Amino acid sequence: MDEAVRLAVDGGKVIEDSQEFAAANGFAHAELVGLCKSLATGGFITTEATSRQSLQLTKEGELVVTSGSPEAVVFGCVPAEGGIASEELDQRAGAAAKVGLSKAIQNKWLQVVKQPLSADELAAAEAAAAAAGKKKAATDRKLVQRLVGSVEDAVQAQLRAAKGGSPPPHAGPAVLH
């Protein structure tokens, strides 16, 4: 590494970008910075500190890029007509179910309505509750229904833009999960 730096700055040449130089020569950037600081302390070179900000998606962000935001995933699991039982939605949407349903309701994409159980369903629920040692069985079920025909997944679009190197101007790390 010492020799590569000497050759790069020989005759008044400049290393414009230490990160690019380190990557091009197979060096760890932190080690290159340490070497340059040592050389600068000895008066052999001068350095100028620069900083750069970049966005890098988390594993969750990458998942949203490929699969959609939790709210869009949940919305996609709800049929256009009739709706879906809350328990079935939890199974279909998996890990996205809880937060996705909450956000989809907040966005006014979905609603949850209580629907009374039929006499047969009520009898089965009471028997299951008794077998489980519960005093009371549920008398209704939660049904998740669509309030809109389709949605635009803005979170996914923002994360795709960030991954491509062009996040929206107002979108900082707090906005881009």
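Residues numbered from 1 in each chain as written. Predicted model: local features only at pLDDT ≥ 70, side-chain atom pairs only at ≥ 80, totals over all residues. Heavy atoms only, no water.

Peer 1: Help me understand the side chain of Glu-71 in this model?
Peer 2: Residue placement: Glu-71 occurs in helix H5 (residues 70-77). Within the buried core, Glu-71 has no salt-bridge partner, and the shortest N-O distance to an opposite charge, that of Lys-103, equals 5.6 Å. With sequence-adjacent residues up to four places away left out, Glu-71 is seen in contact with Gly-100, Lys-103, Ala-104, Asn-107, Trp-109 and Val-155. (Helix = DSSP H or I, 4+ residues; strand = E, 2+ residues; numbered from the N terminus. Buried < 20%, exposed > 50% of the residue type's maximum accessible area, 1.4 Å probe, protein only. Lys, Arg positive; Asp, Glu negative; His and termini not counted. Salt bridge = Lys/Arg side-chain N within 4 Å of Asp/Glu carboxyl O. Contact = heavy atoms within 4.5 Å.)

Peer 1: Looking at this model, I keep getting lost on the sheet that holds strand S2 (residues 110-116). Mind explaining?
Peer 2: Pairing between sheet strands relies on hydrogen bonds along the backbone, with the strands arranged either parallel or antiparallel. Spatially, the three strands line up as an open sheet ordered S1-S3-S2, and their pairing is antiparallel. If you trace the sheet from one side to the other, it starts and ends with strand S1 (84-85) and S2, each paired once. Pairing geometry for S2 and strand S3 (residues 140-146), over seven bridges, is antiparallel. Within the sheet, the bridge partner assigned to Val-113 lies in S3 and is Leu-143. With respect to the sheet, helix H7 (residues 97-106) is in contact with S2 and S3, its orientation differing from that of S2 by roughly 105 degrees. (Pairing = 2+ DSSP bridges. Axes fitted to C-alpha atoms, helices over the stretch in contact; angles between N-to-C directions.)

Peer 1: I keep staring at the environment of Glu-20 and nothing clicks. Help me out?
Peer 2: With respect to the secondary-structure elements, Glu-20 resides in helix H2 (residues 18-25). Spatially, the C-alpha atom of Glu-20 lies 33 Å from that of Ala-154, the residues being 134 residues apart in sequence.

Peer 1: Sorry, what's going on with unusual backbone geometry here?
Peer 2: The phi torsion of most residues other than glycine is negative, and most of the peptide bonds are trans. Located in the positive-phi region is Lys-108, a residue other than glycine, with phi close to 65 degrees. For Lys-108, the position within the fold is in the loop between H7 and S2.

Peer 1: Any chance you could explain the side chain of Ser-86 here in plain terms?
Peer 2: With respect to the secondary-structure elements, Ser-86 resides in helix H6 (residues 86-93). The class for Ser-86 is buried, based on a relative accessible area of 14%. What Ser-86 contacts, discounting residues up to four positions off in sequence, is Lys-142 and Val-144.

Peer 1: What is the right way to look at the layout of surface pockets in this model?
Peer 2: Where empty space is left can be seen by rolling a probe of water-molecule size over the atoms. Looking at the largest pocket, its volume works out to about 750 Å³. Looking at the lining of the largest pocket, the elements that each hand over two or more residues are H2 and helix H3 (29-41). Examining the composition of the lining of the largest pocket, we find that four residues originate from one element, H3, more than from any other. In terms of residue class, the lining of the largest pocket is built from seven nonpolar, eight polar and six charged. (1 Å grid on protein atoms, 1.4 Å probe; cavity = no way out; pocket = protein on both sides within 12 Å on 5 of 7 lines; lining within 4 Å. Points joined across faces, edges and corners; volume = space filled by probe spheres on them. Nonpolar A, V, L, I, M, F, W, Y, C, P; charged D, E, K, R; others polar.)

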